[in-house]
Amino acid sequence: MIKKRALYSLLLATAASCTFAMKLPPNVDEERLRTLESELRCLVCQNQSLADSNASLAQDLRQQVVEQMAAGKTNTEIRDYLVARYGDFVLYKPPMKSVTILLWVGPFILLLLAAVVGLIVVRRRSRLPAAAEAMSSDLQQQGERLWQADAGASRKD
Amino acid sequence: MKSLRLILPILILAGLAVFLYRGLSLDPRTLPSVLVGKPAPDFTLTRLDAPDQKLSLADMRGKVWLLNVWASWCTACITEHPTLLDLSRNKLIDIVGLDYKDTAEQASGWLKGNGNPYTLVLQDTDGRTGINYGVYGVPETFLIDGKGIIVAKQIGPMTSEFIEQKVLPLLGKK
């Protein structure tokens, strides 16, 4: 447990040291930079955000982000700058567009489908108990008959 | 109802198989380029072969040319090098090299050792021009027409298919 915790803190420390290695201009808010960076994808190592990545391109892009922030650009302007060069892919949160509509609506369609299937199953099950009961009493009678027959047979022995 | 019960799982499996199969053939590393069909971003860069001279995008106006992003540290660039050398021997098209995040000495040494397919080489030492072109993995090659529009882009090593299917038709050779 202690080992695990030590490992985690080591990981965190490395991550932090990568991110804050760059010297920030005084008018750049670190908090804002972190938030913005975490929404941007590193294109070299695609499962990392700009904030997490140590790839050379990610560092360059982070540098650009910092410079633009220092120049007073808004988050939207900075995002647009990157999208113009690298496409929507650079954003972790894809915008709502005709190509991405399935991405946004798909889960809800699946949810609806699951609900419909669930409803059908539940409905069918609710019709089952009566049949099951009839069957079980039938089985019980049969069992009792067998039991009695068996008892009768053993008494004869 | 019974037959539907039997067929439905098979249909779902088939649908899933189609999606998964398509997923296999897609390369997640090649991104659709937003720059294809758009004007090439401007630049003014120092020439590697003539450090006292600079070249801008405007200087290439009226020509169909290739902008090949490479670097001496780039291992995949060695893979595409024979293709570029072949293309340069035919003298069909100007190949401008963009030496991405590299030093002049190393780049010159690399070209001396491996051969130089480039009409001229530009130095993008800080990688700014690369960023403007949306470069995220070297090598990348842009096919630019006489009006300065990016017609096609190859991510990763240059292939003879790209030359045959994109470059030659634009030159009117095929």
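Refer to the structure above for everything that follows.
Small disclaimer: the values here were computed from a predicted structure and weren't measured.

Caption draft 1: Geometry of the environment of Q48(A). Mapping Q48(A) onto the fold places it in the loop between α2 (30–38) and α3 (56–70). Discounting residues that sit within four places of it in the chain, Q48(A) has contacts with L40(A), R41(A), C42(A), S53(A) and Y92(A).

Caption draft 2: Region of the structure containing the environment of A132(A). Residue and element names in this part refer to chain A. Mapped onto the elements, A132 comes out in helix α5 (residues 101–156). A relative accessible area of 44% places A132 in the partly exposed class. Along the primary structure A132 and L91 are separated by 41 residues, whereas in three dimensions their C-alpha atoms are 55 Å apart.

Caption draft 3: Representation of the nonpolar core in the model. Within the largest apolar cluster, 66 residues are counted, with the highest numbers of intra-cluster contacts made by Y86(A), L66(B) and Y133(B). Counting residues per element, this core draws most heavily on α3(A), at six residues. The residues touching Y133(B), leaving out its near neighbours within four places in the chain, are L35(B), A40(B), P41(B), F43(B), L57(B), L67(B), F142(B), I144(B), I150(B) and K153(B).

Caption draft 4: View of the packing of aromatic side chains. Tallied over the entire structure, the rule returns five aromatic pairs over all chains. Where W70(B) meets W110(B), the ring centres are 4.8 Å apart and the plane angle is 35°; that geometry is what we call tilted. In this pair, W70(B) is assigned in strand β3 (residues 65–70) and W110(B) in helix α3 (residues 104–114), connecting sequence segments 40 residues apart. Per residue, the accessibility class of W70(B) equals that of W110(B), and both read buried. The cationic tip of R41(A) hangs over the ring face of F89(A); the distance from NZ or CZ to the ring centre is 4.2 Å.

Caption draft 5: Representation of the interface of chain B and chain A in the model. Tallying the contact residues gives 17 residues for chain B and 18 residues for chain A. Buried area between chain B and chain A, summed over both chains or domains, comes out near 1,500 Å², and the portion from carbon and sulfur atoms is 47%. Scanning the region where chain B abuts chain A turns up two salt bridges. In this structure, the salt-bridge partner of D60(A) is K101(B), at a minimum N-O distance of 2.3 Å. The leading source of residues in the side of chain B that touches chain A is helix α4 (residues 128–132) of chain B, at four residues. A class-by-class count of the residues in the side of chain B that touches chain A yields nine nonpolar, three polar and five charged.

Rules behind the numbers
- Residues numbered from 1 in each chain as written.
- Chains lettered and ligands numbered in written order.
- Predicted model: local features only at pLDDT ≥ 70, side-chain atom pairs only at ≥ 80, totals over all residues.
- Heavy atoms only, no water.
- Helix = DSSP H or I, 4+ residues; strand = E, 2+ residues; numbered from the N terminus.
- Contact = heavy atoms within 4.5 Å.
- Buried < 20%, exposed > 50% of the residue type's maximum accessible area, 1.4 Å probe, protein only.
- Core = buried A, V, L, I, M, F, W, Y, C linked by side-chain atoms within 4.5 Å.
- Phe/Tyr/Trp six-rings, centres within 6.5 Å; stacked < 30°, edge-to-face > 60°.
- Lys NZ or Arg CZ within 6 Å of the ring centre and 35° of its normal.
- Buried area = accessible area lost by both parts, 1.4 Å probe.
- Salt bridge = Lys/Arg side-chain N within 4 Å of Asp/Glu carboxyl O.
- Nonpolar A, V, L, I, M, F, W, Y, C, P; charged D, E, K, R; others polar.

These figures come from the coordinates and say nothing about function on their own.
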